[in-house]
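Architecture at a glance
The lines below spell out each chain.
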Amino acid sequence: MNRKPALAAVSGLAALALVMTACGSDETKTISGEGSTAQQKAIEHFSNLLADNTDIVLDYTGSGSGDGIKKFNSGDVDFAGSDSALKPDEAAAAKQRCNGNDAWHIPLVAGPVAIAYNLSGVENLKLNPTVLAGIFDSRITKWNAPEIAALNPGVNLPSTNIVPVHRSDSSGTTDNFQRFLSASAPQAWPYEHDKSFKGKGGSAAAKSTGVGDTVKKTPGSITYVEWGFVTENQLGTAAIDFGAGAVELNADSAGKALDAVKFKTPGSKDLVVDIDALFASKTPGAYPLLLTTYEIVCSTGYSDEATSTTLKEAFTKILSDGQNGLAEIGYVPLPQGFKTTVQGTVDALAGSGGNA
């Protein structure tokens, strides 16, 4: 009896089975997301952590919060990264995408928004919300304007023109920055907050990388951008007087603000931060201009139950081990109490069954 053909057939089948198993493993262990560029450096950090310690592939595209929400609601990605909570129409579309179930906001990444500037010879600039509103609405146009000089006694401010730089794309960072101005300087900033910039004049650039690069190349410029992009471009960072004295941006001042965060609906698994209360805070030594960015997911209702299972596994690993090293790239490690609350929502994520 010739056994070679039979052995060859078995070997071929075994190889085919291995390929199919590998493909199946890849598919069930890959999660995709898109959106916020503010959290992109943190997501890259998390992705490396998962690649080194699990069999999960985290595939994320930084395209801006608005685009990320659209991609999630159309079912193109498993989660959206967003710097602000869903609006009512977006929440309705998300519920439809989640097969009639609510989408939840999971605040996995928190980081301060820095006021970054490029002004030769000025290293210790101090500003306040009212002056920031005037600058970004093109009403304060010179660096030696009396409003700025009053906050910086003894500082040799040049007569250089101010070039305020804002985001040109739909941006949760823009939404939050304008919300901050509305909460902390309502008389000086009359505009509704939105993902599109509403102030007058200035220069525009796409994404966080774009505004950081523009300020680096433009003398006299100033922007609002996530802290990590400031350190990357070696820009100046203004101290901000929120109402209890000027506060320098550092891990301690940002962490102090984050530790006092409240959620809009206490006891809910949908963890939307009470941003207005945070932005209006005047706690001495705290830096409340923080982005508490979200991963927006289906509470339940994914067509593939493995998606929910993999999200839970990935987010749990991020909460337990992914906080290490965040401060070095411009983010704030989540305090223990905050992490415990977030883990409760992660644990409650369900598969493809009924309402959560």
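An unreviewed UniProt entry annotates the chain as Phosphate-binding protein originating from Gordonia bronchialis. Regarding the chain, the UniProt comment filed under Sequence similarities (unreviewed entry) reads as follows: "Belongs to the PstS family."

One pass over the structure, following the stated rule, counts one disulfide. Bridging Cys98 to Cys298, the disulfide has an S-S length of 2.0 Å. One disulfide, between Cys98 and Cys298, carries an S-S torsion of -80° and so falls in the left-handed class. With Cys98 in the loop between α4 (88-97) and β4 (103-117) and Cys298 in strand β12 (residues 290-298), this pair connects stretches of sequence that are 200 residues apart. With a relative accessible area of 1%, Cys298 lands in the buried category.

Pairing is mixed in the open sheet, where three strands are placed in the order β5-β10-β11. Edge positions in the open sheet fall to β5 (126-127) and β11 (246-247), since each of these has one partner strand only. Note that strand β10 (residues 239-241) and β11 share two bridges and pair antiparallel. What sits directly across from Asp241, in β11, is Ala246.

The next point concerns the pattern of salt bridges. Scanning the entire structure with this criterion turns up 12 salt bridges. Two residues, Lys195 and Glu90, come together in a salt bridge whose shortest N-O distance is 3.8 Å. Separated by 105 residues along the polypeptide, Lys195 in the loop between α7 (172-184) and β7 (203-205) and Glu90 in helix α4 bring together distant segments of the chain. By the burial criterion, Lys195 is buried, and Glu90 matches it. Here the salt bridges do not stand alone but share partners, grouping Lys29, Asp55 and Glu313 into one network.

Here we come to the layout of surface pockets. Considering only enclosed or pocket space, the largest pocket measures out at about 200 Å³ in volume. Lining the largest pocket we find 14 residues, and of these Ser84, Ala85, Arg179, Lys264 and Val272 sit closest to its centre. By residue class, the composition of the lining of the largest pocket is six nonpolar, three polar and five charged. Mapping the lining of the largest pocket onto the domain boundaries places at least three of its residues in each of domain 1 (29-110 + 263-272 + 292-347) and domain 2 (113-257).

On to the domain arrangement of the chain, then. Taken domain by domain, the chain comprises domain 1 (29-110 + 263-272 + 292-347) and domain 2 (113-257). Taken over C-alpha atoms, the centre of domain 1 sits 28 Å from the centre of domain 2. Taken together, the 16 residues of domain 1 in the interface contact 18 residues of domain 2. Both faces considered, domain 1 and domain 2 share a buried interface measuring about 1400 Å² in area, 53% of it formed by carbon and sulfur atoms. Tallied by class, residues from the side of domain 1 that touches domain 2 come to four nonpolar, eight polar and four charged.

Moving on, we get to empty space enclosed by the protein. Tallied over the entire structure, the rule returns one cavity of 30 Å³ or more. Counted as a void, the largest cavity has a volume near 40 Å³. Around the largest cavity, the lining residues are Ala38, Gln39, Val109, Gly111, Glu226, Trp227, Leu291, Thr293, Gly330 and Tyr331. Only β4 and β12 provide two or more residues apiece to the lining of the largest cavity. Taken together, the residues of the lining of the largest cavity sort by class into five nonpolar, four polar and one charged.

Further remarks concern the UniProt feature "binding site: phosphate" (unreviewed entry) in the chain. In the numbering used here, UniProt assigns the feature "binding site: phosphate" (unreviewed entry) to Ser36, Thr37, Ala38, Ser65, Asp83, Ser171, Gly172 and Thr173. Over a stretch of 138 residues, the named residues converge on one spot in the fold, their C-alpha atoms separated by at most 9.1 Å. Filtering the just-named annotated residues for those lining the largest cavity gives Ala38. Locating Ser65 in the fold gives a position in helix α3 (residues 65-73). Not counting the four nearest positions on each side in its chain, Ser65 is found in contact with Gly35, Ser36, Gly81, Ser82, Asp83, Ser170, Gly172 and Lys195. By relative accessible area, which is 1% here, Ser171 ends up buried.

Among the six residues of strand β8 (residues 221-226), six are classified as buried, and the element is accordingly described as predominantly covered. Note: β4 against β8, five bridges, orientation antiparallel. Bridge pairing in β8 links Val113 to Glu226. Where strand β6 (residues 163-167) lies against β8, three bridges are found, and the strand directions are parallel. Bridging from a neighbouring strand, Pro164 pairs with Ile222 of β8.

Reading the values: the criteria
- Residues numbered from 1 in each chain as written.
- Predicted model: local features only at pLDDT ≥ 70, side-chain atom pairs only at ≥ 80, totals over all residues.
- Heavy atoms only, no water.
- UniProt positions renumbered as here; feature names shortened; annotations may be inferred.
- Disulfide = S-S within 2.5 Å.
- Helix = DSSP H or I, 4+ residues; strand = E, 2+ residues; numbered from the N terminus.
- Buried < 20%, exposed > 50% of the residue type's maximum accessible area, 1.4 Å probe, protein only.
- Pairing = 2+ DSSP bridges.
- Salt bridge = Lys/Arg side-chain N within 4 Å of Asp/Glu carboxyl O.
- 1 Å grid on protein atoms, 1.4 Å probe; cavity = no way out; pocket = protein on both sides within 12 Å on 5 of 7 lines; lining within 4 Å.
- Points joined across faces, edges and corners; volume = space filled by probe spheres on them.
- Nonpolar A, V, L, I, M, F, W, Y, C, P; charged D, E, K, R; others polar.
- Domains from an automatic or database assignment.
- Contact = heavy atoms within 4.5 Å.
- Buried area = accessible area lost by both parts, 1.4 Å probe.

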